[in-house]
Amino acid sequence: MGSFQFSDLPDFSPHSDTTAAHGTPLPLTNQADNRNLITGRALWRDIASLLVWVTTTDQLIFHIGTWLAWGICLAFCVPFLLVTKGVSKGNSVSLLLSILLMAIAMKLAWCGESIQILAGVAVVICLTMSLSGYAPWLPEALTFVLGIVSGSCSRLWRTDYAALIVPKSVQTWLFGSQAILPLLFVVSFSALFVLANPNLVAQIQWVSAELSELLSAYMKSFNLGEVVFCILSGLLMLGLIYPAAHRKIIETRQQRIDDTRELAKLYGGYRNSLISLIVLFSIYLIFEYITLWKREFPVGFYYAGYAHQGAFWLTVALAWATLSISVIFQGKLLRDPRISTLKKLTWVWSLQNLLLAAAVFNRLRIYVEFNGLTPMRVVGLLGTTAVVGGFCVVVAKIRQQQGLVWLLHRQLWVLGTVVLVYIALPVQWIVSKYNVSRILGNHPAAAVQLIAHRTSAAGMVPMIDLVKSEQSEIRDGVRALLSIWSEDLTNQSGSSSGASVLTGPAWSSPLGHSSEWYSLTHGFSQTGRRSTWPSWANWQYSEILLQQNLRQYQSELAPFVGDHKLRDESIDRFYRYAYQWY
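Thresholds, definitions, all that
- Numbering of residues starts from 1 in each chain and follows the order in which that chain's sequence is written.
- Local features in this predicted model are restricted to residues whose pLDDT is 70 or higher, and side-chain atom pairs enter the listing and the counts only when it is 80 or higher, whereas totals over whole chains, interfaces and linings include all residues.
- Side-chain calculation: all heavy atoms of the structure are included, whereas hydrogens and water are not.
- Put simply, DSSP H or I for four residues or longer makes a helix, DSSP E for two residues or longer makes a strand, and each gets a number counted from the N terminus.
- Exposed residues in this analysis have more than 50% of their type's maximum accessible area, buried residues have under 20%, and partly exposed residues fall in between, with area computed by a 1.4 Å probe over protein chains only.
- In short, Shrake-Rupley with a 1.4 Å probe defines the accessible areas, and a residue's cover is counted only from the protein chains shown.
- Orientation is described by axes fitted as lines to C-alpha atoms, over the contacting stretch for helices, and by angles from 0 to 180 degrees between their N-to-C directions.
- Angles are sorted into four bins: roughly parallel if under 35 degrees, roughly antiparallel if over 145, roughly perpendicular if 65 to 115, and oblique for all others.
- Note: crossing handedness is left-handed where the near helix turns anticlockwise from the far helix by less than a right angle, and right-handed where it turns clockwise.
- Any pair of residues with heavy atoms lying within 4.5 Å of one another is described as a contacting pair.
- Salt bridges are identified by distance alone: a Lys or Arg side-chain nitrogen within 4 Å of an Asp or Glu carboxyl oxygen.
- Every residue gets a pLDDT, meaning the predictor's confidence in that residue, from 0 to 100.
- Helices are assigned an expected span. That span is 1.5 Å times one less than the residue count.
- Note on residue classes: Ala, Val, Leu, Ile, Met, Phe, Trp, Tyr, Cys and Pro are nonpolar, Asp, Glu, Lys and Arg are charged, and everything else, Gly too, is polar.
- Stacked, tilted and edge-to-face are the three classes applied to pairs of Phe, Tyr and Trp rings, where Trp contributes its six-membered ring and a pair requires centres within 6.5 Å; stacked means planes under 30 degrees apart, edge-to-face means over 60, and tilted covers the rest.
- Cysteine sulfur atoms are paired as a disulfide whenever they fall within 2.5 Å.
- For patch detection, residues must exceed 30% relative accessible area and be free of salt bridges, and they are connected within 9 Å for like charges or within 5 Å for nonpolar side chains (Val, Leu, Ile, Met, Phe, Trp, Tyr).
- Remark: nonpolar core denotes a set of buried residues (Ala, Val, Leu, Ile, Met, Phe, Trp, Tyr, Cys) joined through side-chain atoms within 4.5 Å.

A. Expanded view of the overall build of the chain. In terms of helices and strands, the chain carries 23 helices and 2 strands. Out of the 582 residues belonging to the chain, those deemed buried represent 45%. In the structure as shown, the chain presents an accessible area of about 30500 Å², 66% of it carried by carbon and sulfur atoms.

B. Looking closely at the packing of helix α4 (residues 67-85) against helix α5 (residues 92-111). At their nearest, the axes of α4 and α5 sit 7 Å apart, and the two run at 160 degrees to each other. Relative to α5, α4 is oriented roughly antiparallel. In this structure, α4 meets α5 at a crossing whose hand is left-handed. Taken together, the residues of α5 that come into contact with α4 (itself represented by W67, L68, W70, G71, L74, A75, C77, V78 and L82) are S98, L101, M102, I104, A105, L108 and A109.

C. Broad picture of the pattern of salt bridges. Under the definition given, this model contains 7 salt bridges. Between D46 and R45 there is a salt bridge, with the nearest N and O atoms lying 3.5 Å from each other. Overall, D46 belongs to the buried group, its relative accessible area being 4%. For R45, a relative accessible area of 38% corresponds to the partly exposed category. Notably, a salt bridge pairs R363 with E288, separated by 2.9 Å at the nearest N-O pair. Within this pair, whereas R363 is found in helix α14 (residues 339-371), its partner E288 is found in helix α12 (residues 267-292), the two being separated by 75 residues in sequence. R363 gets classed as buried once you look at its relative accessible area, which sits at 8%. Residue class for E288 comes out buried when judged on its relative accessible area of 1%.

D. Representation of unusual backbone geometry. At N442, a position not held by glycine, the phi torsion is positive, near 70 degrees. Tracing the sequence through the fold places N442 in the loop between α17 (427-440) and α18 (448-452). Accessibility expressed as a relative area gives 66% for N442, which makes it exposed.

E. Local environment of the confidence of the model for the chain. Across the chain, the average pLDDT comes to 76, with 73% of residues at or above 70. Segment residues 1-40 is flagged for pLDDT under 50; beyond a separation of four residues in sequence, or across chains, it makes 78 contacts in the model. Throughout residues 526-531 the model reports pLDDT below 50, and contacts reaching past four residues in sequence, or to other chains, amount to 24 contacts.

F. Inspection of helix α11 (residues 224-241) at higher detail. Here α11 spans 26 Å end to end across 18 residues, near enough to the 26 Å set by a 1.5 Å rise per residue. Of the residues making up α11, those classed as buried are E226, C230, S233, G234, M237, L238, G239, L240 and I241.

G. Examining the packing of α14 against helix α15 (residues 375-400) more closely. In contact at an axis separation of 11 Å, α14 and α15 are set at 175 degrees when each is read in the N-to-C sense. What the angle tells us is that α14 and α15 run roughly antiparallel. Each of K343, W347, S350, N353, L354, A357, V360, F361, L364, Y367, V368 and N371 in α14 lies in contact with α15, whose residues at this interface are R377, G380, L381, T384, T385, V388, F391, C392, V395, I398 and R399. Across the contact of α14 with α15, the residue classes break down as 14 nonpolar, 6 polar and 3 charged.

H. Representation of the side chain of T128. Positionally, T128 belongs in helix α6 (residues 114-131). A relative accessible area of 0% places T128 in the buried class. For T128, the contacting residues outside a window of four places in its chain are L81, K85, F144 and L240.

I. Quick peek at the packing of aromatic side chains. Across all of its chains, the model carries 11 aromatic pairs by this definition. Taking 5.5 Å as the distance between ring centres and 45 degrees as the angle between the ring planes, the aromatic pair formed by F62 and F229 counts as tilted. Of this pair, F62 sits in helix α3 (residues 41-64) while F229 is found in helix α11, placing the two residues 167 residues apart along the sequence. Classification of F62 by relative accessible area gives partly exposed; the value is 30%. On the basis of an interplanar angle of 75 degrees and a centroid distance of 5.6 Å, the ring pair of F281 and W349 is categorised as edge-to-face. With F281 in helix α12 and W349 in helix α14, this residue pair connects regions lying 68 residues apart in the sequence. A single burial state applies to F281 and to W349, both of which are buried. Here the aromatic residues W53, F76 and F80 are joined through ring pairs into a cluster of three or more.

J. Spotlight on the state of the cysteines. Counting across every chain of the model gives 0 disulfides. Unpaired in terms of disulfides, C77 finds its nearest cysteine sulfur in C73, a separation of 5.1 Å. Accessibility expressed as a relative area gives 5% for C77, which makes it buried.

K. Spatial organisation of a nonpolar patch on the surface. Taken together, the side chains of F185, F189, L192, F193 and L195 make up a nonpolar region of the molecular surface, amounting to roughly 600 Å² of accessible area. In this structure, F189 sits in helix α9 (residues 180-195). Accessibility expressed as a relative area gives 46% for F189, which makes it partly exposed.

L. View of the nonpolar core. In terms of nonpolar packing, the biggest core is built from 42 residues, with W53, L101 and I104 touching the most fellow members. Counting residues per element, the ones that place at least two in this core are α3, α4, α5, α6, α7 (138-158), α11 and α16 (404-424). Counting residues per element, this core draws most heavily on α6, at 9 residues. Among residues more than four places away in sequence, those in contact with I104 are L74, Q116, A119, G120, V123, L420 and A424.

M. Expanded view of the environment of A578. Take A578: it is sitting in helix α23 (residues 564-578). We classify A578 as buried; its relative accessible area is 0%. Considered as a pair, A578 and A445 are 133 residues apart in the sequence and their alpha carbons are 6.7 Å apart. Dropping the residues within four chain positions of it, A578 is found in contact with A447, V448 and I451.

Listed below in structure tokens is the structure:
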């Protein structure tokens, strides 16, 4: 990751008020005497930062609070933290975290959900850790939150509030540099020039009146809850900029083989176990290849069993192998002179585990090609990837003879990275796009995934291409489906409640079928839930695309908009046609 290495990080808080220029902690006596940081320019810099931060969060979160507003707020955190905290040279970790935070912010603007907000807050904490000079390991991130609270309180406690009027450093700058006289002359002559032009006077009066009205309206809407929010927001900002000194968990290497060698009692058992496992895995991998690779599956083949149950248990086997290797290579065994033999056996077994992981991915591929992609199958793919990544981390631990803390740090980040990737990806759009491409590619079984699961506006956008399908059941069913979404958006237009008919009871066919398949995971946000919100507040790009496409295909939807009987019958035929592949 560039020149930046977590192992090179110093174990101290890198604030300018607690560290010297070259990263050496200042003596405690010097910390107390360094008054410029709490009474000079740094104080006014913090005041300006507070005003910007509190105003931004108050407007975006307290007053608006939509997905887009949260996305803008999280995106704002990136330049704000980079400017207020600075970027260490070569800190590629901060760059990666900034990119990840921007990706989550974009996802909120595309099609927002609550989980993205939680993920964004977690990444902000990790980014703050990285910019503060700490490796953003997940266990330490939990305790770093306490450091944010403590640092905020410390900053307030150490501030010389009497110096807020005119700090000595400001007086020195104003009078010592002879800046006050030019400023007075410029202001006085500017005022005279304005007074000499009635039009300028009228414009300034109008601007002043408008600003006064805006300020008056803002103060009228200001309440106790907003006061509390602004105070907490300000305290959070101070904590992010000045977190308390944080002590990380030290990573120690396991004891290396030296002259003090000791025979481990369980060496023979471990050696025989690895040999037995290598033989077992060899037999099973041959069986897996013969039964599931490069073969035509008969009608009625149990796809769900092999993919859901089989892939799950094979993934458990990978996790069990990861744990087994961790248990074997520890303690007295590391000082056994015969350990090199165990390592050679482990490398062979590790290769077999990677082949087993390929078998898991192959089972998932077979199921996806059979009847399409779903969000849970994406979870399965990413989950298996996380298990494989964890196994590779364990192998690296053995090779480098690292300790338990080293392993814990990287295992948690493997899991955390997979979770954040899932949250940041437009999963609903990817799933729908894949299924639609399969249907248009003459694989209609993927149509079942369009009716078996709820979706969002992002998942609806690719489905519009199915109005071109050559299969009448799919073509008419999708047109009927789109007519419902079109009516729902029309009914919400101008509504202050924003309640969506799609979030109500499941659709019930007059022919006896009932399903929630056409419902949104949440109501459309485009029309807003409060009339006081600005027009842009509920902007979601996926909904914009959906509305544009619905307008483009209005002629194809027209027969189903006014004839609800035709609409329900078309949906019912689509329902029965697709469910033959469920």
